[in-house]
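Spelled out from the first residue to the last, the chains are:
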Amino acid sequence: QVHLVESGGGLVQAGGSLRLSCAPSGRRGSIRVMGWYRQAPGKQRELVATITSGGNTNYADSVTGRFTVSRDNFKNTVDLQMTSLQLEDTAVYYCYVQTFTNNYWGQGTQVTVSS
């Protein structure tokens, strides 16, 4: 069973920065894709950013230029550096890991941006 441990959420003022981290534990196969999704109140869960084992990244248009996803293939960790945070970035952020056989989700970490 794979368990994703997330950290780094919290309360920040608009224009500020936060860094989220995620580390999987437990037995798993080779990890193909790691990344982050988010879900705001009353909205569907949406892609924020993903990164493949080869380093290819994919960002939502709304965060391009403000957020940076990175991973450590040795430690199998994935981070999300968020800058210039906006009120609209308030959401629960979920770590995501895709292996060749399964998809895994973290429990979510709250990010709240205040004015």
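Whatever comes next refers back to the structure up there.
Quick look at the structure, then. (Residues numbered from 1 in each chain as written. Predicted model: local features only at pLDDT ≥ 70, side-chain atom pairs only at ≥ 80, totals over all residues. Heavy atoms only, no water.)

1. Here's the deal with the nonpolar core
Argument step 1. Ranked by internal contacts, the top residues of the largest apolar core, which has 27 residues, are Trp-36, Val-48, Phe-67, Val-78, Leu-80, Met-82 and Tyr-93.
Argument step 2. At the level of secondary structure, the elements contributing two or more residues to this core comprise strand 3 (18-25), strand 4 (31-39), strand 5 (46-52), strand 7 (67-72), strand 8 (77-82), strand 9 (91-99) and strand 11 (109-114).
Argument step 3. It is strand 9 that contributes the most residues to this core, 4 residues altogether. (Core = buried A, V, L, I, M, F, W, Y, C linked by side-chain atoms within 4.5 Å. Buried < 20%, exposed > 50% of the residue type's maximum accessible area, 1.4 Å probe, protein only. Helix = DSSP H or I, 4+ residues; strand = E, 2+ residues; numbered from the N terminus.)

2. Examining the sheet that holds strand 8
Sheets are built from strands paired through backbone hydrogen bonds, the pairs being either parallel or antiparallel.
Argument step 1. The strand order 1-3-8-7 describes an open sheet built from 4 strands, whose pairing is antiparallel. In the strand order of this sheet, the two ends are held by strand 1 (3-7) and strand 7, each with one partner. Neighbour to neighbour, the strand axes of the sheet diverge by 15° on average, direction disregarded.
Argument step 2. In the sheet, strand 7 pairs with strand 8 via 6 bridges, with the strands oriented antiparallel. By the bridge assignment, Ser-70 is partnered in strand 8 with Asp-79. (Pairing = 2+ DSSP bridges. Axes fitted to C-alpha atoms, helices over the stretch in contact; angles between N-to-C directions.)

3. Points about the state of the cysteines
Argument step 1. The tally for this structure, following the rule as stated, stands at 1 disulfide.
Argument step 2. At a sulfur-sulfur separation of 2.0 Å, the disulfide partner of Cys-22 is Cys-95. Disulfide Cys-22-Cys-95: torsion about the S-S bond near -85°, hence left-handed. Note that Cys-22 is positioned in strand 3 and Cys-95 in strand 9, a separation of 73 residues in sequence. (Disulfide = S-S within 2.5 Å.)

4. Focus: unusual backbone geometry
Argument step 1. Positive phi values are uncommon outside glycine, yet Asn-76 reaches one of about 60°.
Argument step 2. When you line up the elements, Asn-76 lands in the loop between strand 7 and strand 8.

5. Some thoughts on the side chain of Asp-79
Argument step 1. Following the sequence through the fold, Asp-79 ends up in strand 8.
Argument step 2. At a separation of 3.1 Å, a polar atom in the side chain of Asp-79 contacts the side chain of Arg-19.
Argument step 3. The contact partners of Asp-79, leaving out residues within four places of it in the chain, are Arg-19, Leu-20, Ser-21, Cys-22, Trp-36, Thr-68, Val-69 and Ser-70. (Polar contact = N/O pair within 3.5 Å; in protein donor to acceptor, adjacent residues only side chain to side chain. Contact = heavy atoms within 4.5 Å.)

6. A look at the pattern of salt bridges
Argument step 1. In the structure shown here, the tally under the stated rule is 4 salt bridges.
Argument step 2. Here Arg-38 and Glu-46 are joined by a salt bridge, their closest N and O atoms 2.8 Å apart.
Argument step 3. Of the residues examined, Arg-38 reaches a relative accessible area of 5% and is grouped as buried.
Argument step 4. When its relative accessible area of 35% is taken as the criterion, Glu-46 is described as partly exposed.
Argument step 5. For Arg-38, the salt bridge goes to Asp-89, with nearest N and O atoms at 3.0 Å. Here the residue Arg-38 occupies a position in strand 4, and Asp-89 occupies one in the loop between strand 8 and strand 9, the gap between them amounting to 51 residues.
Argument step 6. Among the ionic contacts, a cluster of salt bridges with common partners joins Arg-38, Glu-46, Arg-66 and Asp-89. (Salt bridge = Lys/Arg side-chain N within 4 Å of Asp/Glu carboxyl O.)

7. Topic: the packing of aromatic side chains
Argument step 1. Throughout the structure, instances matching the rule amount to 3 aromatic pairs.
Argument step 2. Plain terms: the ring middles of Tyr-37 and Trp-105 are 5.0 Å apart, the flat faces sit at 70° to each other, and that makes the pair edge-to-face. Taken together, the residues Tyr-37 in strand 4 and Trp-105 in strand 10 (residues 103-105) connect sequence positions 68 residues apart.
Argument step 3. Relative accessible area serves as the criterion here: at 38%, Trp-105 is assigned to the partly exposed category.
Argument step 4. Judged by centre distance (4.9 Å) and plane angle (45°), the ring pair of Tyr-96 and Trp-105 falls under tilted.
Argument step 5. Classification of Tyr-96 as buried rests on a relative accessible area of 9%.
Argument step 6. Among the aromatic side chains, those forming a connected cluster through ring pairs are Tyr-37, Tyr-96 and Trp-105.
Argument step 7. The residue whose ring lies beneath Arg-45 is Tyr-94, and the NZ or CZ to ring-centre distance is 3.7 Å.
Argument step 8. The cationic tip of Arg-45 hangs over the ring face of Trp-105; the distance from NZ or CZ to the ring centre is 4.7 Å. (Phe/Tyr/Trp six-rings, centres within 6.5 Å; stacked < 30°, edge-to-face > 60°. Lys NZ or Arg CZ within 6 Å of the ring centre and 35° of its normal.)

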